[in-house]
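Residue-level structural notes
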Amino acid sequence: MNTDIKEIEDRLNDIIQKNEDAIKGYDKAAENAEGIGLKSYFQNKSIERRNFLVELKAAAPALKTREDIDGSATGAMHRAWMDVKTFFSGDNDEAMLEEAIRGDKAAIEEYNEVLADTHLPIKAAEVIRKQREWLMTDLKTIKTLEDVK
């Protein structure tokens, strides 16, 4: 297999895995959130990230991408940390917002790294760029929610 194609597949799978982690993380945040509005917000974010997965996989159908939603070991540790933080925190909602901000920042960083690769198929680059912009807007929104909290 062409090493460029393998590298592109690996990079796309990195983003797919980051979204798998986000889905599980938002599900965990929704489970731990106390406020109904925040719980709903996190549930919607999980759905949004599932849509991101569908879009990413459709953007480069010729490439081999992940089929199942497993997430990463790092993501699993992050979710376990969310549980610990919730258990010891006096304000679960604040703790969940902080973790969501941290996760979104990491996702934006990952998207930026992948976009720096000039070998991406045009359609995939467009989808990744659009999703990154969405994430950046969401990051501003969630920071606003944290400030209100």
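Read on for a plain summary of the structure. (Residues numbered from 1 in each chain as written. Predicted model: local features only at pLDDT ≥ 70, side-chain atom pairs only at ≥ 80, totals over all residues. Heavy atoms only, no water.)

**With respect to the overall build of the protein chain**
Quick reminder of the rule: Secondary structure follows DSSP: runs of H or I at least 4 residues long count as helices, runs of E at least 2 residues long count as strands, and numbering of each begins at the N terminus. Only heavy atoms enter the contact rule, under which two residues are in contact if any of them lie within 4.5 Å. Throughout, the Shrake-Rupley method with a 1.4 Å probe supplies accessible areas, and for residues the shown protein chains are the sole cover considered.
Each helix and strand counted, the protein chain has 5 helices and 0 strands in total. Taking contacts inside the protein chain between residues at least 6 apart in sequence as the whole, the part at least 24 apart equals 77%. Summing over all exposed atoms, the protein chain offers an accessible surface of approximately 8000 Å²; the carbon and sulfur share of this is 56%.

**Examining the side chain of Asp93**
The cut-off we apply is this: Exposure is judged per residue with a 1.4 Å probe applied to protein chains only, and the accessible area is read against the type maximum: over 50% gives exposed, under 20% gives buried, and values in between give partly exposed.
Along the chain, Asp93 turns up in helix α4 (residues 92-115). Overall, the relative accessible area of 7% leaves Asp93 in the buried class.

**Examining the nonpolar core**
Put simply, the test is: Put simply, buried Ala, Val, Leu, Ile, Met, Phe, Trp, Tyr and Cys residues joined by side-chain atoms within 4.5 Å make one nonpolar core.
One finds Leu12, Phe42, Leu56, Tyr111, Leu120, Ile128 and Ile142 to be the most contacted residues of the largest nonpolar core, which totals 36 residues. Counting residues per element, the ones that place at least two in this core are α1 (3-32), α2 (36-59), α4 and α5 (122-148). In contact with Tyr111, not counting residues within four places along its chain, are Ile15, Asn19, Phe52, Leu56, Ile128, Gln131, Arg132 and Leu135.

**Details of the side chain of Asp138**
Note on placement: Asp138 falls in helix α5. On the basis of relative accessibility, which here comes to 10%, the residue Asp138 falls in the buried class. Sequence-distant contacts of Asp138, defined by excluding residues within four places in its chain, comprise Tyr41, Lys45, Glu48 and Asp104.

**Details of the environment of Arg129**
Position of Arg129 among the secondary structure elements: in helix α5. Along the chain, Arg129 and Asn112 lie 17 residues apart, while their C-alpha atoms are 8.5 Å from each other.

**Things to note about the pattern of salt bridges**
Stated formally: Salt bridges are defined by distance alone: a side-chain nitrogen of Lys or Arg within 4 Å of a carboxyl oxygen of Asp or Glu.
Applying the stated criterion to the full structure yields 12 salt bridges. Residue Asp14 pairs with Arg11 through a salt bridge whose shortest N-O separation is 3.9 Å. Placement of both Asp14 and Arg11 in helix α1 is noted, with a separation of 3 residues, approximately one turn of the helix. Of the charged contacts in the structure, one is a salt bridge between Asp27 and Arg50, with a shortest N-O distance of 3.6 Å. With Asp27 in helix α1 and Arg50 in helix α2, this residue pair connects regions lying 23 residues apart in the sequence. In this structure Asp27 comes out as partly exposed when scored by relative accessible area, which is 34%. Judged by its relative accessible area of 37%, Arg50 falls in the partly exposed class.

**Observations concerning the environment of Lys143**
For Lys143, the position within the fold is in helix α5. Given a relative accessible area of 35%, Lys143 falls into the partly exposed group. When residues no more than four places from it in sequence are discounted, the contact partners of Lys143 are Ile101 and Lys105.

**Structural notes on α2**
Spacing of three or four residues puts side chains on the same side of an α-helix, whose turn is 3.6 residues. Test applied: Here a helix's expected span is defined as the number of its residues, less one, multiplied by 1.5 Å.
Its 24 residues place the ends of α2 35 Å apart at the C-alpha level, agreeing with the 34 Å of an ideal helix rising 1.5 Å per residue. Of all the residues in α2, the buried ones are Leu38, Tyr41, Phe42, Lys45, Ser46, Glu48, Arg49, Phe52, Leu53, Leu56 and Ala59.

**Here we look at the packing of α2 against α4**
Note the threshold: All axes are obtained by fitting lines to C-alpha atoms, using only the stretch in contact for helices, and the reported angles, taken between N-to-C directions, cover 0 to 180 degrees. For classification purposes, an angle smaller than 35 degrees is called roughly parallel, one larger than 145 roughly antiparallel, one from 65 to 115 roughly perpendicular, and anything else oblique. By the definition used in this description, the sense in which the near helix is turned from the far one sets the handedness, with an anticlockwise turn below a right angle giving left-handed and a clockwise turn giving right-handed.
Viewed as axis vectors pointing N to C, α2 and α4 meet at an angle of 20 degrees, and their least axial separation amounts to 12 Å. With respect to their mutual orientation, α2 and α4 come out roughly parallel. Every pair of crossing elements has a handedness; the one defined by α2 and α4 is left-handed. Residue-level inspection shows Leu38, Phe42, Arg49, Phe52 and Leu56 of α2 in contact with α4, the latter providing Asp93, Met96, Leu97, Ala100, Asp104 and Tyr111.

Just geometry here; none of it tells us what the structure is for.
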